[in-house]
Amino acid sequence: QARAGKLYSSQDSVVILDSKTIKKALLNSSSAWVLEFYSSWCGHCINYAPTWKALASDVKDWEPAIKIGVLDCAEETNYELCKEYDIRFYPSFRFFKLEEKKLLLRSDFRINRFICVLSACYINSLQSFLPPLKSQEMSCSQLTLSFSTPTSAFFSQKKSHYMCVLSFVVVEVCAQILIFDSQILPPPPPSVTPNFKKVGSVFCFCFSPNRQHPLRSYLSSYLKSLPGVKRKLLSQENVAIKHHKEENNAIETWKTLDRSLLYMSDLESGLHYLLRVELASHKTLEGAELKTFKDFTILIAKLFPGRQPVVKLLETLQEWLVSLPLDKIPYNAILDLVNNKMRISGMFLSNRIQWVGCQGSRQQLRGYPCSLWTLFHTLTVQAAIRPEALRNTGFEDNPRVVLQIMRRYIQHFFGCRECAQHFEEMAEESMDSVKTVDEAILWLWKKHNAVNKRLAGAPSEDPEFPKVQWPTPDFCPACHKSIKGLHTWNEDEVLKFLKRHYSTENISYKYTV
Ligand code: FAD
């Protein structure tokens, strides 16, 4: 069975970039770019993709002024690039503009599900980066705008949102004009649109933010009707980039698996991604982030039920961190240790991703978040089965320690921000009620099921691995019971099942490298 399919394809109006094509595309382009840096495993990126595609399709005609692109930070070949652009969370948006042959990178854009608001939002962001006012002129080259005093005066009597509306409309006007091959355009006759006012050389169009404005289609048809105005040809460069991308989309093959087992390959691949990619997007660790990383390292060094070279690596990392009295550590120093390739020294963590129990039927599904759940369930169970492992760590008398460290890890480092927010809400609500290590196992199980329930039917659900209340009766018949015809869980049996399922004895080493 072949696996294929990414979040974006050549059928979409977005330009699909990667580490090989991005610089060439941006540096050879006369237009500005808005890029979405996403992660194909991130549920919110999966849910958000239709919005970004719709936006790209909506502003496709603006290509000479602005292009919409995407880049997948979960692809191994893009890791370094995403680090270079300081992408820590997904999706992240960046605006690029070429000025004097240098690529200027601008800050984030807020995300919004509604495409019309999104257009306005990113255009507003563009406006805040524009150079200060020089004249009353509005230049349409590369979306450079300037506002005249009369314009500001005109709007100073109005509420602030009119200013946003102004920048939105003006940039729309600008982008619309740019697609036409004409230098001088006369203003549209005011009689046609009574709300359309001329202030200095800037056209202002006042409308209620809640009502759809007709400016765009009006202006487009107005411009087309002018004598001597022809549409510019769209560039071919995107087509070339798309083809490059498709050629490079390798199709992986399905690995056979037994769903009742845990796979070491998932745990190790997850650990590799966590240590070398997710954490590595943070250039330095200090304060609460450093404390979380140190505590997390102690936890995995003591409880990760791994193979000897991996455990040795984790122990060495933990000892090294404890011995460092620094309150700020560059992550590259940590990476140097983690990247130790010397199997001979007895410590090694493969940098090859091999999802088995966590593989998806399509490339963007499952993978890393699945391995993260698996890791933390395993740690809650290990803490209950082997309490002696935490002796002398300062964690031994704390039944909630795995959950607390997981909570802080997710809060500081997990790339999917909306997932982190949801998890934090659940933690705040009830994590403190956990009193024993067994309750910690059950707490995480319940919360994971709450997430499964919320995500059932979402675009991030893999049809081959539906979001069900887990374990299903075929896995654990005794976990289910019926009281007066109503389904309920037998929590004693669930606990026994989880302790068995997430135990060292249930781990398969198939596909490990
Ligand atoms: P997963 O849910 O990842 O489960 C992995 C494996 O764990 C399953 O295959 C099964 O063997 C086992 N399992 C399933 N349920 C349980 C359970 N109740 N107890 C113990 N083991 C179980 N995605 C979003 O789109 N929105 C979110 O808000 C969101 N929040 C998340 C919060 C956290 C902390 C994490 C780690 C992930 C979150 N995700 C979220 C991702 C999402 O939960 C899934 O991980 C992702 O969709 C992949 O799903 P999956 O099919 O691999 O199964």
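This one's a predicted model, so the numbers in the text were calculated from it and none came from an experiment.

Reading guide: rules and limits
- Residues numbered from 1 in each chain as written.
- Predicted model: local features only at pLDDT ≥ 70, side-chain atom pairs only at ≥ 80, totals over all residues.
- Heavy atoms only, no water.
- Helix = DSSP H or I, 4+ residues; strand = E, 2+ residues; numbered from the N terminus.
- Buried < 20%, exposed > 50% of the residue type's maximum accessible area, 1.4 Å probe, protein only.
- Contact = heavy atoms within 4.5 Å.
- Areas by Shrake-Rupley, 256 points an atom, 1.4 Å probe, with all protein chains shown as cover.
- Near = heavy atom within 4 Å.
- Polar contact = N/O pair within 3.5 Å; in protein donor to acceptor, adjacent residues only side chain to side chain.
- Nonpolar A, V, L, I, M, F, W, Y, C, P; charged D, E, K, R; others polar.
- Pairing = 2+ DSSP bridges.
- Arc of directions from axis to C-beta.
- Disulfide = S-S within 2.5 Å.
- Phe/Tyr/Trp six-rings, centres within 6.5 Å; stacked < 30°, edge-to-face > 60°.
- Lys NZ or Arg CZ within 6 Å of the ring centre and 35° of its normal.

## Examining the overall build of the protein
From N to C terminus, the protein includes 17 helices and 15 strands. The 513 residues of the protein split such that 53% are buried. Counted over contacts in the protein with a minimum sequence separation of 6, partners at least 24 positions apart contribute 74%. Just so you have it, the protein exposes about 24,100 Å², and 53% of that area is on carbon and sulfur atoms.

## Examining the site of the ligand
Around the ligand sit 24 residues in total, of which Arg366, His422, His448, Lys467 and Tyr502 are the nearest. A distance of 2.9 Å separates an oxygen atom of the ligand from a polar atom in the side chain of histidine 422. In the model, a nitrogen atom of the ligand is placed 2.8 Å from a nitrogen or oxygen of the tyrosine 502 side chain. Those elements that place two or more of their residues in the shell around the ligand are helix H2 (43-58), helix H13 (368-385), helix H15 (417-430) and helix H16 (437-455). The element best represented in the shell around the ligand is H16, accounting for seven residues. Across the shell around the ligand, the residue classes break down as 13 nonpolar, eight polar and three charged.

## Let's talk about the pairing of strand S14 (residues 486-489)
Remark: a regular strand shows side chains that alternate across the two faces of the sheet. As judged from the four bridges shared by strand S13 (residues 480-483) and S14, these two strands associate in the antiparallel manner. Bridging across to S14, lysine 481 finds its partner in threonine 488. Counted along the chain from S13 to the antiparallel partner S14, the turn is two residues long, and its residue lysine 484 has a positive phi close to 50°.

## Side note on helix H17 (residues 491-501)
Restricting attention to buried positions, one finds in H17 the residues Val494, Leu495, Phe497, Leu498 and His501. Down the axis of H17, the buried set is contained in an arc of 165°. They therefore lie on one face. Exposed and facing more than 90 degrees away from the buried side of H17 are Asp492 and Arg500. Elements that come into contact with the buried residues of H17 comprise strand S10 (262-263), H13, H16 and S14.

## Quick notes on the state of the cysteines
In total, this model carries four disulfides according to the counting rule given. Counting only the cysteines that take part in disulfides, in the order they occur along the protein, gives the pairing 1-2, 3-4, 5-6, 7-8. Its sulfur unpaired, cysteine 45 is 3.2 Å from the next cysteine sulfur, which belongs to cysteine 42.

## Looking at the packing of aromatic side chains
On inspection of all chains with the given rule, the structure shows 23 aromatic pairs. Between phenylalanine 37 and tyrosine 85, the aromatic rings sit 5.8 Å apart at their centres with planes inclined by 55°, giving tilted as the arrangement. Here phenylalanine 37, found in strand S3 (residues 32-38), pairs with tyrosine 85, found in the loop between helix H3 (79-84) and strand S5 (92-99); they are 48 residues apart in sequence, far enough to count as distant. Tyrosine 85 matches phenylalanine 37 in its accessibility class, with the two residues each being buried. Between tryptophan 373 and phenylalanine 423 the ring centres are 6.3 Å apart and the planes differ by 75°, which places this aromatic pair in the edge-to-face class. A residue pair is termed long-range when its members are at least 10 positions apart, and tryptophan 373 in helix H13 and phenylalanine 423 in helix H15 qualify at 50 residues. Three or more aromatic residues joined by ring pairs form one cluster here, namely Trp41, Tyr79, Tyr90, Tyr273, Tyr368 and Phe414. Above the face of the phenylalanine 465 ring, arginine 259 is positioned so that its terminal group lies 4.0 Å from the ring centre. Arginine 417 extends its terminal NZ or CZ atom over the ring of phenylalanine 89, reaching a point 4.0 Å from the ring centre.

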